[in-house]
Structures are given as C-alpha cells and as structure tokens.
Amino acid sequence: MPVTDPVADMLTRIRNAIHAGHPRVEIPASNMKISIANVLAEEGFIRSFEVKDRAGRAGRDIDVELLYDEEGTSVVTGLKRVSRPGLRVYVQRREIPRPYGGLGVAILTTPRGVMTGAQARRENVGGEVLCFVW
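Overview of the structure. Model, not experiment: these values are computed from the prediction. (Residues numbered from 1 in each chain as written. Predicted model: local features only at pLDDT ≥ 70, side-chain atom pairs only at ≥ 80, totals over all residues. Heavy atoms only, no water.)

1. What about the pairing of strand E3 (residues 60-66)?
Next up, step 1: E3 sits mainly inside the fold: 5 of its 7 residues count as buried.
Next up, step 2: Pairing of strand E1 (residues 24-28) with E3, which is carried by 5 bridges, proceeds in the antiparallel orientation. From the neighbouring strand, Arg24 faces E3, where its bridge partner is Glu65.
Next up, step 3: As paired strands, strand E2 (residues 46-53) and E3 are joined by 7 bridges and run antiparallel to one another. Counterpart to Lys52 in the pairing with E3 is Asp61.
Next up, step 4: As consecutive antiparallel partners, E2 and E3 are separated by 6 residues, and within that stretch Gly56 has a phi angle of approximately 75 degrees, a positive value. (Buried < 20%, exposed > 50% of the residue type's maximum accessible area, 1.4 Å probe, protein only. Helix = DSSP H or I, 4+ residues; strand = E, 2+ residues; numbered from the N terminus. Pairing = 2+ DSSP bridges.)

See the structure below:
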C-alpha cells in the first residue's frame, strides 16, 4: 500500500529512530523531503543527511544522521505534522506560528521554497505550514 502522506511518513521515521536510539535512518527521497532535511540540518536538529541511489532498485533514499547530546538525549524532542492531505493549513506572512513560544521551528513551503517560519517572516512570504519541530 503506497504512502499517502510522504512528509508524515518522514517525520514518523525520524521520530521512531530517535525513540529507538538509532544513529541514522533511511527515508525514501523526494524533492520536498530533501528540502525538509536541509532545513532540519541548517537549524541543527540533525547532524547531516545524504541522498543516495538505492542499491539494486530504482529511486533514491535520504540517509539522515541524527544528532544526540553528550548524555545520549536527542536534540529533537518533538515533531508534529500540521498541514496534511485532508486538511491543508495555509498562513499569511503575519500569521506564521511560533511553536513553543519561539523555542521550536515551523517549517513552511512557500513560493520561494521550503524554509523556516523565521525566514518566511524575513522574506515577507506566507505558505503552507508543513510541520513543527522542537
């Protein structure tokens, strides 16, 4: 059965890998998921990511290296999907949410690409709220 919400699948894979204490996780690649991984890396929620061709199969995977502190606690404490296929959530530039009072990051897809809520505010653009990360 195909995945109907690839972004939610990506967030769930990352969440499950963190709960299991895995150092990395592989996610089927798409341009949207690569952009989200890039934002997560820029904001310091993951150590790095690499896009790889699948061995012996068609398509690509994103190999995400998760980030933990010295005690082994994940830097990511929560991931929440906001907009979903059944209920899209769009915001204007003045309505961009600040998750957890500014401690978290809202990831949006805008006409200028995938970016954080803070970047969207600076560039004066609104868009679809994909998820919150804190």
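After that view, the rundown keeps rolling.
2. Considering the pattern of salt bridges
Next up, step 1: One pass over the full model with this rule turns up 9 salt bridges.
Next up, step 2: Residue Arg24 is joined to Asp63 by a salt bridge in which the shortest nitrogen-to-oxygen separation is 3.2 Å. Residue Arg24 is found in strand E1, and its partner Asp63 is found in strand E3; the two are separated by 39 residues along the sequence.
Next up, step 3: Judged by its relative accessible area of 41%, Arg24 is partly exposed.
Next up, step 4: Residue Arg47 pairs with Glu65 through a salt bridge whose shortest N-O separation is 3.4 Å. (Salt bridge = Lys/Arg side-chain N within 4 Å of Asp/Glu carboxyl O.)

3. Topic: the sheet that holds E1
Next up, step 1: Taken together, the 3 strands give an open sheet; going across it, the order is E1-E3-E2, and neighbouring strands pair in antiparallel fashion. Here the strands that pair on one side only, and so sit at the sheet edges, are E1 and E2. Adjacent strand axes in the sheet meet at a mean angle of 20 degrees when their direction is disregarded.
Next up, step 2: Sitting on the sheet, helix H1 (residues 6-20) touches E1 and E3, and the angle it makes with E1 is about 165 degrees.
Next up, step 3: Relative to E2, helix H2 (residues 31-42) is tilted by about 155 degrees, and along the sheet it contacts E1, E2 and E3. (Axes fitted to C-alpha atoms, helices over the stretch in contact; angles between N-to-C directions. Contact = heavy atoms within 4.5 Å.)

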